[in-house]
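# Observations on the model geometry
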Amino acid sequence: MKIVTWNINGIRTFRGGIKKALDSLGADIICVQETKVTRDLLDERTAIVDGYNSYFSYSRGRSGYSGVATYCKDSATPFAAEEGLTGLLTNHEGAVGCYGDHTEFSSEELQLLDNEGRAVITQHRIMCQNKVQTVTVINVYCPRADPEKPERKQFKLQFYKLLQYRAEAILKDGSYVIVLGDVNTSHRPIDHCDPSDIDDFGENPGRKWLNGFLHSDKPEEDKNEEEPDEESEISETDPIHGGKFVDTFRYFHPTRTNAFTCWSTLTGARQTNYGTRIDYIFADCQLAKDQFLGADIMPEVEGSDHCPVWGQLSCPLLPSSKPPPICTRYLPEFAGKQQKLSRFLVKVDQKSVQSERRDVLPGSQEEEERRENLNPIRAGNVSGKKRVLTSDSVVPKGKKTKTVNTSSKPQGSLLSFFKPKLTNAVPPTEAPVRQCEKILSLDEMTPTQNSQKASTTRENVSSVADGLPEDTEPIFEGSTQMCTSSTTETCDKQVKTKHSTPQPSVGHSNSNKGASLVFWKSVLHGPPPPPSCKVHGEPCVLRTVKKEGPNMGKQFFVCARPQGHSSNPEARCNFFAWVEKGK
């Protein structure tokens, strides 16, 4: 049995072919985090993969946020599965059960902890020493404690506590337990690229929780990594054995350094391996000791800011004959069942706690997160452009017009009432043209007509060019019928506007452009030229402060190289310079 966990940073990671990506990992059970997909955006290609059965958990309050999924090979089909840790999202047969003690949580708190789509649990049968046993796989994406939002720190710690209660309750019920995923905390200094840069490293509440959750009696760990306060934390949880779970990577590689699973993409830190190990496979002590053959990270696998982690067990899986009810292949939108229109218009009491929970977090959906999956703004702009181009009115500056032949009749299209009018676009000399029923094309005029009207046309072109926007050209297309005799000459002049070479207007236009260029350069400043960093002598990159505070929005220069340890000469140096105001 092989199991893999990977924070994929968006299900788009698999866009090149999800089956190919899953097959390349070579695992029976593949747990992914941060899918960033909600139920309404889940497509069939992602949900149903040939040879696999899948189980998703979605965020109820935000689109393009959080989310986890577990893909099981058909040969590893679970006999039970459920979404979330609390049991509140479960109202079907085939649930895992064993929810633990919830007395420390309010009902609202429990609901919020499961509302972000951070856990999927699958339960499988395995053969151990000729005996059928149960192993429960808890796939989690633990919250990040945003320094800007103090309430998220408490949310993260409550999630950890709920996770521990659930895992230990299932373990107590007689099942082996594997907890895996993105835990969002590096446990020990050996798991961090620069622990000395963090004040009170061992005092971090997330690390203290891990100290109590994990069994830590291995001498290899103790002699190198013990923090002074850790003994008290462990003994407080369980005076004899410490925690009930083992970090399988450290079980097999207790002293390996520079083994990281997550790197900052903003600073290019993966190039210098300046990262952290926050993705884990935890197993209960008995399972780790009796069945685990190995565990390791896969930093060579790209496509996300995290890399996969794998674990190998000696026991074979025994597939269930039928997937549990929450398997995605049973969702009505993928099961080939005809749905009633009323299902889309009202809440129904089908297995859709999802839609009922969707209203729990009003206002938590952020614009930029919504834009990741839906792009109504761009779509609106496109349709707007089409409407402008297909109407009879003159388009805004920067667009070439196909016709300037507007009717003098008051009736017009509805769209014309919503467009700006360019008062100078049609000069007075053009008034007779409006009375023409058709315009003569230049190709059908005789050379004599062309030569006779050359001088007149130059004068007319100059006046038209003055009235039109800089890069707007009047082009007349139509049938080859003649205008009425009273306006033929004027029409001819306008026709020749496109094809003549009006020398006087060229000079005039160039001078206008030159003056305009000088004006805009004086008004709009481009980005300041980057200075060179002192260590490498290379041009710096321009950054903007996005953190709330007095420097919000200010720009600064830093070394363009990827972030790395201060001892690495290839990494970014400490050059820093604010962009002076007004430059």
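Overview of the structure. (Residues numbered from 1 in each chain as written. Predicted model: local features only at pLDDT ≥ 70, side-chain atom pairs only at ≥ 80, totals over all residues. Heavy atoms only, no water.)

Once that is clear, we can look at the overall build of the protein. Looking only at helices and strands, the protein has 17 helices and 18 strands in total. Burial analysis of the protein (583 residues in total) assigns 46% to the buried set. As presented, the protein carries roughly 30,900 Å² of accessible surface, and 51% of it is formed by carbon and sulfur atoms. (Helix = DSSP H or I, 4+ residues; strand = E, 2+ residues; numbered from the N terminus. Buried < 20%, exposed > 50% of the residue type's maximum accessible area, 1.4 Å probe, protein only. Areas by Shrake-Rupley, 256 points an atom, 1.4 Å probe, with all protein chains shown as cover.)

Our next topic: the packing of aromatic side chains. Summed over the entire model, instances satisfying the criterion amount to 13 aromatic pairs. Seen from their ring centres, phenylalanine 213 and phenylalanine 245 are 4.7 Å apart, and the 15° between their planes marks the pair as stacked. In this pair, phenylalanine 213 sits in helix α5 (residues 205–213) while phenylalanine 245 sits in strand β9 (residues 245–247), placing the two residues 32 residues apart along the sequence. Of the two residues, phenylalanine 213 and phenylalanine 245, both sit in the buried class. Put simply, the rings of Tyr160, Trp209, Phe213, Phe245, Tyr280 and Phe282 pair up and form one aromatic cluster. Over the ring of phenylalanine 79 we find arginine 125; its NZ or CZ atom is 4.0 Å from the centre of that ring. (Phe/Tyr/Trp six-rings, centres within 6.5 Å; stacked < 30°, edge-to-face > 60°. Lys NZ or Arg CZ within 6 Å of the ring centre and 35° of its normal.)

Right, let's get into the side chain of histidine 124. With respect to the helices and strands, histidine 124 occurs in strand β6 (residues 119–128). Among the polar contacts made by the side chain of histidine 124, one reaches the side chain of threonine 122 at a distance of 2.9 Å. (Polar contact = N/O pair within 3.5 Å; in protein donor to acceptor, adjacent residues only side chain to side chain.)

Soluble globular proteins tend to bury their nonpolar side chains together. Ranked by internal contacts, the top residues of the largest apolar core, which has 38 residues, are Met1, Ile3, Ile29, Ile126, Ile178, Leu287 and Leu313. Every residue in contact with leucine 287, bar those within four places of it in the chain, is listed here: Val135, Tyr176, Val177, Ile178, Phe292 and Leu313. With 28 residues, the next largest nonpolar core counts Val96, Val140, Cys142 and Tyr160 among its residues. (Core = buried A, V, L, I, M, F, W, Y, C linked by side-chain atoms within 4.5 Å. Contact = heavy atoms within 4.5 Å.)

Looking now at the pattern of salt bridges. Summed over all chains, the structure comprises 18 salt bridges. Ionic pairing is found between glutamate 82 and arginine 166, a salt bridge with its closest N-O pair at 3.2 Å. Here glutamate 82 is found in strand β5 (residues 80–83), whereas its partner arginine 166 is found in helix α4 (residues 150–172), with 84 residues between them in sequence. When the shortest N-O distance is used, the salt bridge between arginine 144 and aspartate 146 registers 4.0 Å. A cluster of three or more residues bridged by salt bridges with shared partners is formed by Asp191, Asp247, Arg250 and Arg277. (Salt bridge = Lys/Arg side-chain N within 4 Å of Asp/Glu carboxyl O.)

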